[in-house]
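# Structural features, examined
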Amino acid sequence: MKLIALSGSLRKDSINTRICHLMVEAGQTHSLSVDVATLHGIPLYDGDLEDAEGIPAAVTALRERIKASDGLIIMTPEYNAGIPGVLKNGLDWLTRPGDEMKPTFGARPVALAGATPGAWGTSLAQSGALINLRQLGVHLYPGYLRLSRADKALDEAQGRADLVKQLERFLNGFAGFIRGD
Ligand code: FNR
């Protein structure tokens, strides 16, 4: 099974992107391949830009990777209790033009996840994203991955090992949801 993990952070040392890369390792236990994607190269949504130049190449490339997957994991940071603007912007572009929304997102299995150095595991950002995902018509995995103090965990051998185990369980649960177990 092929999954894609999309990080909602552009930062080079992003803990969310690092977790996406750890999913590659964790997925191997259950023969799940994980393609790690970011939102680099996607401009701010501007209807005039869309009219003049069409859909940016970075959006089309990301869309093709999502379509080629059996399921999408959205790995979001939390900014001021919501998802980052870059992630919302990326999702907005991916729904353009309107007739691309259904093949990209309609009934696609999607798992929401997030990591923060803070205490609440991006729960507010993830709850806020539900209204957007409902609009996109995705098939939302009900399992949670809300990682608190993830910066420390990533930098400690035991914390990292525990994270891999947690990610294995999460990915295996999502794969079962996709298979309809
Ligand atoms: C944050 N951060 C943050 N963390 C959190 O748990 N809840 C929050 O509401 C916020 N708000 C917030 C706003 C802004 C503008 C920034 C820049 C940061 C901290 C955030 O979790 C931290 O910077 C993470 O490291 C961001 O994720 P990446 O880039 O490491 O993946």
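Moving on, we get to the site of the ligand. For the ligand, the full set of nearby residues is Ser 9, Arg 11, Ser 14, Ile 15, Asn 16, Pro 77, Glu 78, Tyr 79, Asn 80, Ala 81, Thr 116 and Pro 117. Ile 15 has a polar backbone atom sitting 2.9 Å from an oxygen atom of the ligand. Take Thr 116: an N or O atom from its side chain is 2.8 Å from an oxygen atom of the ligand. Contact with the protein chains hides 67% of the accessible area of the ligand, taken as 620 Å² for the molecule alone.

On to the packing of aromatic side chains. Scanning the entire structure with this criterion turns up five aromatic pairs. The interplanar angle of 55 degrees and the centroid separation of 5.3 Å between the aromatic rings of Tyr 141 and Phe 177 together place this pair among those described as tilted. Placement of Tyr 141 in the loop between β5 (139–140) and β6 (146–147) and of Phe 177 in helix α8 (residues 157–179) is noted, with a sequence separation of 36 residues between them. Taking the relative accessible area as the measure of exposure, Tyr 141 reaches 15% and is therefore buried. For the ring pair Phe 174 and Phe 177, a centre distance of 6.4 Å and an interplane angle of 20 degrees mean the geometry is stacked. Taken together, the positions of Phe 174 and Phe 177, both in helix α8 and three residues apart, correspond to about one turn of that helix. Residue Phe 174 shares its accessibility class with Phe 177, and that shared class is buried. Here the aromatic cluster, defined as three or more aromatic residues joined through ring pairs, consists of Tyr 141, Phe 170, Phe 174 and Phe 177.

With that out of the way, let us pick up helix α4 (residues 85–94). Residues Leu 87, Asn 89, Gly 90, Leu 91, Trp 93 and Leu 94 constitute the buried set of α4. Of the surrounding elements, those touching the buried residues of α4 are β1 (2–7), α2 (47–53), α3 (57–67), β3 (71–75) and α5 (101–105).

Let us now look at unusual backbone geometry. Looking along the chain, the bond that leaves Arg 96 and enters Pro 97 is cis, with omega of -15 degrees. Inspection of the secondary structure assignment puts Pro 97 in the loop between α4 and α5. Positive phi is not limited to glycine here, since Ala 81 has a value of about 70 degrees. Note that Ala 81 resides in the loop between β3 and α4. For Ala 81, a relative accessible area of 39% puts it in the partly exposed group. Positive phi, close to 50 degrees, is recorded for Arg 149, a residue that is not glycine. Secondary-structure assignment places Arg 149 in the loop between β6 and α7 (150–155). When its relative accessible area of 43% is taken as the criterion, Arg 149 is described as partly exposed.

In summary, the side chains of a regular strand alternate between the two faces of the sheet. The buried fraction of β3 amounts to five of the five residues, a majority that puts the element mostly inside the structure. Burial along β3 is two-sided: Gly 71, Ile 73 and Met 75 facing one way and Leu 72 and Ile 74 facing the other are all buried. Across five bridges, β1 lies against β3 in parallel orientation. The residue of β3 that forms the bridge with Leu 3 is Gly 71. Pairing of β3 with strand β4 (residues 109–115) involves four bridges; the strand directions are parallel. Residue pairing in the sheet places Ile 74 in a bridge with Leu 112 of β4.

What follows covers the pairing of β1. Buried residues dominate β1, accounting for five of its six residues. As paired elements, β1 and strand β2 (residues 33–37) share five bridges and run parallel to each other. Note on β2: the bridge partner recorded for Ile 4 is Asp 35. Following the backbone out of β1, through helix α1 (residues 15–28) and into the adjacent parallel β2, one traces a crossover that is right-handed.

Conventions adopted
- Residues numbered from 1 in each chain as written.
- Predicted model: local features only at pLDDT ≥ 70, side-chain atom pairs only at ≥ 80, totals over all residues.
- Heavy atoms only, no water.
- Near = heavy atom within 4 Å.
- Polar contact = N/O pair within 3.5 Å; in protein donor to acceptor, adjacent residues only side chain to side chain.
- Areas by Shrake-Rupley, 256 points an atom, 1.4 Å probe, with all protein chains shown as cover.
- Phe/Tyr/Trp six-rings, centres within 6.5 Å; stacked < 30°, edge-to-face > 60°.
- Helix = DSSP H or I, 4+ residues; strand = E, 2+ residues; numbered from the N terminus.
- Buried < 20%, exposed > 50% of the residue type's maximum accessible area, 1.4 Å probe, protein only.
- Contact = heavy atoms within 4.5 Å.
- Pairing = 2+ DSSP bridges.
- Right-handed = clockwise from strand over helix to strand, strands pointing away.

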